Amino acid sequence: MVWQIPENGLVSSMSEPVVALEGHSKRVGIITWHPTARNVLLSAGCDNQIIIWNVATGEAMISLEDMHPDVIYNVCWNRNGSLICTSCKDKAIRVIDPRKESIVAEKEKAHEGARPMRAIFLSDGNILTTGFSRMSERQLALWNLQNMEEPMTVNEMDTSNGVLLPFYDPDTNVVYLCGKGDSSIRYFEITDEAPYVHFLNTFVTKEPQRGMGYMPKRGLDVNKCEIARFYKLHERKCEPIVMTVPRKSDLFQDDLYPDTAGPDSALEAEEWFEGKNGDPILISLKNGYVPGKNREFKVVKKNILDSKVNKKTENSSSANKPASSTPSIKSEAKMEEILKEIKSLKDLISSQEKRIIKLEEQMSKVAI
């Protein structure tokens, strides 16, 4: 399900998604938006199937079946969204061209261990994987897409059994590794020259992490030289972890913040499905990220059906004004939007009224 969060946050509970996408036969565990095309969403489920959706119409456009014989651990788009790489329980790493529905490259037994793996694309097209050796040592490996026979480099770290979750910053080429159950975050810089993977440092805390979230670059505070922000999941809370580079100057640090991928799409969904590719549209963070206006997500599933019905009625009755249906659809959508906003405001007012009544009751008790 896809949900539209109001611009100023939730004022009441949401029960209706913007669109529900139905196609998987078992639970869905992986969803990831296309990096450069608008409203293109990839999902992978326990049915070992990958589906790529046009969310704006609610249609399943591409279905990749029979490519994965077992559970898919993770899926990652490359920089311009032309390829995906996957890690699977059968210990294989696969690079897939989703529009051609073909496997471009494959490496069986990328890591010998039986524990789960992860695979992500780097901005230069190489693939970084985390997994386990036969002796249950945790490994970090780098692969060249053109030659998957042998890894470019393999780093062996420790013998903990927590799965390493990689988070990648394409602007600085830094990879952060967060292990499930670990109380630390290791980070490495990836370069073009051997040994390719360079250990930078380890951030250590007292409590273990159950999971980890990663803030997009444009959500960071550039005035504080913040280069990464994680959201560490505990048993009963979520803790922000901020990573900063100490600088004395108050000026904007160009070396820390090269232009980064912005929120605007380079392509429309239809263009991507037709075969076009587009690199991310970059933005500067010099003055801090300012979100653009009218960023509301629009689903035209209902509108498409309405327009089809209108066309049929126009054809049958040979109407004199064939273009009049479009503004009526727009005005209906606008009216629906206004009604929703009125309802949310009414809900807010009623909740505040209840709060005032409670406070007045408390005041009367205190007065007595």
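Residues numbered from 1 in each chain as written. Predicted model: local features only at pLDDT ≥ 70, side-chain atom pairs only at ≥ 80, totals over all residues. Heavy atoms only, no water.

The name given to the protein in an unreviewed UniProt entry is Coronin, with the source organism recorded as Characodon lateralis. Listed in UniProt under the heading Sequence similarities (unreviewed entry), the comment for the protein reads: "Belongs to the WD repeat coronin family." (UniProt positions renumbered as here; feature names shortened; annotations may be inferred.)

Q: Sorry, what's going on with the UniProt feature "coiled-coil region" (unreviewed entry) in the protein here?
A: With numbering matched to this structure, UniProt assigns "coiled-coil region" (unreviewed entry) to residues 335-362. Annotated as 100% helix and 0% strand, the span residues 335-362 places its first and last C-alpha atoms 41 Å apart. (Helix = DSSP H or I, 4+ residues; strand = E, 2+ residues; numbered from the N terminus.)

Q: Sorry, what's going on with unusual backbone geometry here?
A: Leaving glycine out, the prevailing phi sign among residues is negative, and the prevailing peptide bond configuration is trans. Of note, the amide linkage connecting Ala-194 to Pro-195 takes the cis form, showing an omega dihedral of 5°. Tracing the backbone through its elements, the reader meets Pro-195 in the loop between β15 (184-190) and β16 (197-204). Phi at Glu-101 takes a positive value of approximately 55°, unusual for a residue other than glycine. Note on placement: Glu-101 falls in the loop between β7 (93-97) and β8 (102-107). For Glu-101, a relative accessible area of 43% gives the class partly exposed. Here Cys-225, not a glycine, exhibits a phi torsion of approximately 55°, which is positive. (Buried < 20%, exposed > 50% of the residue type's maximum accessible area, 1.4 Å probe, protein only.)

Q: Please explain the sheet that holds strand β17 (residues 211-214) as it appears in this structure.
A: Pairing between the strands of a sheet is mediated by backbone hydrogen bonds and can be parallel or antiparallel. Taken together, the three strands give an open sheet; going across it, the order is β17-β18-β19, and neighbouring strands pair in antiparallel fashion. In this open sheet, the two edge strands, each paired with only one partner strand, are β17 and β19 (238-244). When strand polarity is set aside, the average angle formed by the axes of neighbouring strands in this sheet is 25°. In this sheet, strand β18 (residues 226-233) lies alongside β17 in antiparallel orientation, the contact comprising four bridges. Within β18, the position partnered with Met-212 by the bridge is Lys-232. (Pairing = 2+ DSSP bridges. Axes fitted to C-alpha atoms, helices over the stretch in contact; angles between N-to-C directions.)

Q: I would appreciate a short explanation of the pairing of strand β3 (residues 50-54) in the present structure.
A: Every regular strand shows the same layout, with side chains that alternate between the two sheet faces. Among the five residues in β3, five count as buried, and that is most of the element. Neither face of β3 is left uncovered, since the one carrying Ile-50, Ile-52 and Asn-54 and the one carrying Ile-51 and Trp-53 both have all their residues buried. Here five bridges tie strand β2 (residues 40-45) to β3, and the two strands are oriented antiparallel to one another. In the sheet register, Leu-42 faces β3, and the bridge partner there is Ile-52. Counted along the chain from β2 to the antiparallel partner β3, the turn is four residues long, and its residue Asn-48 has a positive phi close to 60°.

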